[in-house]
Amino acid sequence: MKLALKIHPVMVEGISVGKVEIIKLLRQRLNLSLTDAKSYVDRCVFNEETVLIPIPVDFEIETLLIEIRGLETPAKIEALVVEK
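Residues numbered from 1 in each chain as written. Predicted model: local features only at pLDDT ≥ 70, side-chain atom pairs only at ≥ 80, totals over all residues. Heavy atoms only, no water.

A few points about the overall build of the protein chain
Logical step 1: Across its full length, the protein chain holds 3 helices and 5 strands.
Logical step 2: A globule of 84 residues ought to have a C-alpha radius of gyration of about 12 Å, and the protein chain, at 12 Å, matches this closely.
Logical step 3: Within the protein chain, the proportion of its 84 residues that are buried is 37%.
Logical step 4: Pairs at least 24 apart in sequence give 70% of the contacts found in the protein chain among residues at least 6 apart.
Logical step 5: Mean positive and mean negative side-chain charge positions of the protein chain (11 and 13 charges, respectively) differ by 3 Å. (Helix = DSSP H or I, 4+ residues; strand = E, 2+ residues; numbered from the N terminus. Rg over C-alpha atoms; globule rule 2.2 N^0.38 Å. Buried < 20%, exposed > 50% of the residue type's maximum accessible area, 1.4 Å probe, protein only. Contact = heavy atoms within 4.5 Å. Lys, Arg positive; Asp, Glu negative; His and termini not counted. Charge placed at Lys NZ, Arg CZ, Asp CG, Glu CD.)

Some details on the nonpolar core
Logical step 1: Within the largest apolar cluster, 25 residues are counted, with the highest numbers of intra-cluster contacts made by Leu 3, Leu 5, Ile 7, Leu 26 and Ile 53.
Logical step 2: Of all elements in the fold, only β1 (2-8), α1 (19-30), α2 (34-47), β4 (51-54), α3 (61-69) and β5 (76-82) reach the threshold of two or more residues within this core.
Logical step 3: In this view, Leu 5 contacts Ile 22, Leu 26, Cys 44, Glu 49, Thr 50, Val 51, Ile 53, Ile 77, Glu 78 and Ala 79; residues no more than four positions away in its chain are not counted. (Core = buried A, V, L, I, M, F, W, Y, C linked by side-chain atoms within 4.5 Å.)

Digging into α3
Logical step 1: Those residues of α3 that fall on the buried side of the exposure criterion are Ile 61, Leu 64, Leu 65 and Ile 68. The arc that holds the buried residues of α3, viewed along the axis, is 100°, so those residues lie on one side.
Logical step 2: Here the buried face of α3 lies against β1, α1 and β5. (Arc of directions from axis to C-beta.)

A closer look at the environment of Tyr 40
Logical step 1: Considering the arrangement of structural elements, one finds Tyr 40 in helix α2.
Logical step 2: Classification of Tyr 40 as buried rests on a relative accessible area of 17%.
Logical step 3: Separated by 37 residues in the primary sequence, Tyr 40 and Leu 3 have C-alpha atoms spaced 11 Å apart.
Logical step 4: Excluding residues that lie within four positions of it along the chain, Tyr 40 makes contacts with Leu 32, Val 51, Leu 52, Ile 53 and Pro 54.

Considerations on the pairing of β1
Looking along a regular strand, one sees side chains alternate from face to face of the sheet.
Logical step 1: Judged from the 4 bridges that link them, β1 and β4 form a sheet pairing that is antiparallel. When the bridges of β4 are listed, Leu 3 appears paired with Ile 53.
Logical step 2: Sheet topology places β1 next to β5; 7 bridges connect them, and they run antiparallel. The residue bridging Leu 5 from the neighbouring strand is Ala 79, located in β5. (Pairing = 2+ DSSP bridges.)

Some remarks on α2
Logical step 1: With 14 residues, α2 should cover 20 Å at 1.5 Å per step; its first-to-last C-alpha distance of 19 Å lies within 8% of that length.
Logical step 2: Of all the positions in α2, only Ala 37, Tyr 40, Val 41, Asp 42, Cys 44 and Val 45 are classed as buried.
Logical step 3: The inward-facing, buried residues of α2 abut β1, β2 (10-12), β3 (15-17), α1 and β4.
Logical step 4: Looking one or two residues past α2, Glu 48 carries a phi angle of roughly 55°, positive in sign. (Expected span 1.5 Å × (residues − 1).)

Note that all results are geometric; they support no functional claim without further evidence.
Encoded structure:
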């Protein structure tokens, strides 16, 4: 399973606003390094990619989806589970 993540950023003077919250959440819940979490988010924001993030086996993905949707960030974040 993978988490498909797409971010529609809010840019202020060329700077993406609201990335920190999703980076923190991905680091904490998926045990990603800062470099990996930031790389996934930057690809979404600056390359307009939908990234696929591997999910550990037996991981509570529904809880993560709820947490992502509950983030208070100006960016619009789309997240769903894919079987790839």
